[in-house]
Amino acid sequence: MWLEVKDTGCGMDKSFINEQLFAPFSSTKKNKGMGIGAYQIRELIHSLQGEVFVESWIGKGTKFSVYLPLNGEEKLAHVVPS
C-alpha cells in the first residue's frame, strides 16, 4: 500500500534531507519541539516493514511517499515510488 503526502511549502535541499530530516533531536524550530517527529514516524514505518521516500523542490514543496506492505506481502527491495 502506498500513501503520498504533498505540500507546497518552501521545500528542502538534498543535504538537509540526507543529514538532518530524520536525525533525532535535530530541529529547525528553535525552542519549539524536540526534533523527534520525523525520526519517530520513519522508525514506526520501518517497524511495520515499510519505507519512506522524500522528494523535495526548493520553492515548490515536498512529497513524502510511504510504502507499507499489506498482510502477506514481503518488504519490497529497491522500491522506487512513481
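Residues numbered from 1 in each chain as written. Predicted model: local features only at pLDDT ≥ 70, side-chain atom pairs only at ≥ 80, totals over all residues. Heavy atoms only, no water.

*Asks:* Would you mind going over the pairing of strand 2 (residues 51-57) with me for this structure?
*Replies:* Two faces make up the sheet, and in a regular strand the side chains alternate between them. Strand direction decides the pairing type here: strand 2 and strand 3 (residues 61-67), joined by seven bridges, are antiparallel. By the bridge assignment, E51 is partnered in strand 3 with Y67. (Pairing = 2+ DSSP bridges. Helix = DSSP H or I, 4+ residues; strand = E, 2+ residues; numbered from the N terminus.)

*Asks:* Explain the environment of W57 to me, please; I cannot follow it from the model alone.
*Replies:* Within the secondary structure, W57 sits in strand 2. On the basis of relative accessible area, W57 is assigned to the partly exposed category, the value being 43%. For the pair W57 and C10, spaced 47 residues apart in the sequence, the C-alpha separation amounts to 7.9 Å. The residues touching W57, leaving out its near neighbours within four places in the chain, are C10, G11, T62 and K63. (Buried < 20%, exposed > 50% of the residue type's maximum accessible area, 1.4 Å probe, protein only. Contact = heavy atoms within 4.5 Å.)

*Asks:* Got a minute to help me understand unusual backbone geometry in this structure?
*Replies:* Peptide bonds are trans in most cases, and residues, glycine excluded, mostly fall at negative phi. Despite not being glycine, Q49 has its phi angle at roughly 65 degrees, a positive value. Turning to its location among the elements, Q49 is positioned in the loop between helix 2 (37-47) and strand 2.

*Asks:* Where do I start with the side chain of T62 in this structure?
*Replies:* For T62, the position within the fold is in strand 3. With relative accessibility at 6%, the residue T62 sits in the buried group. Of the polar contacts made by the side chain of T62, one reaches the side chain of S56; its length is 2.7 Å. With residues up to four places along the chain from it excluded, the contact list for T62 reads V5, K6, D7, G11, M12, V54, E55, S56 and W57. (Polar contact = N/O pair within 3.5 Å; in protein donor to acceptor, adjacent residues only side chain to side chain.)

*Asks:* Just to check I follow, could you spell out the sheet that holds strand 1 (residues 2-7) for this structure?
*Replies:* Sheets are built from strands that pair by backbone hydrogen bonding, the pairs being arranged parallel or antiparallel. The sheet built from three strands is open, its strands ordered 1-3-2 with antiparallel pairing. What marks the edges here is a single partner per strand, and that holds for strand 1 and strand 2. Strand-to-strand twist of the sheet, defined as the mean angle between neighbouring strand axes without regard to direction, takes the value 15 degrees. Each of strand 2 and strand 3 touches helix 2; the most contacted strand, strand 2, lies at about 140 degrees to it. (Axes fitted to C-alpha atoms, helices over the stretch in contact; angles between N-to-C directions.)

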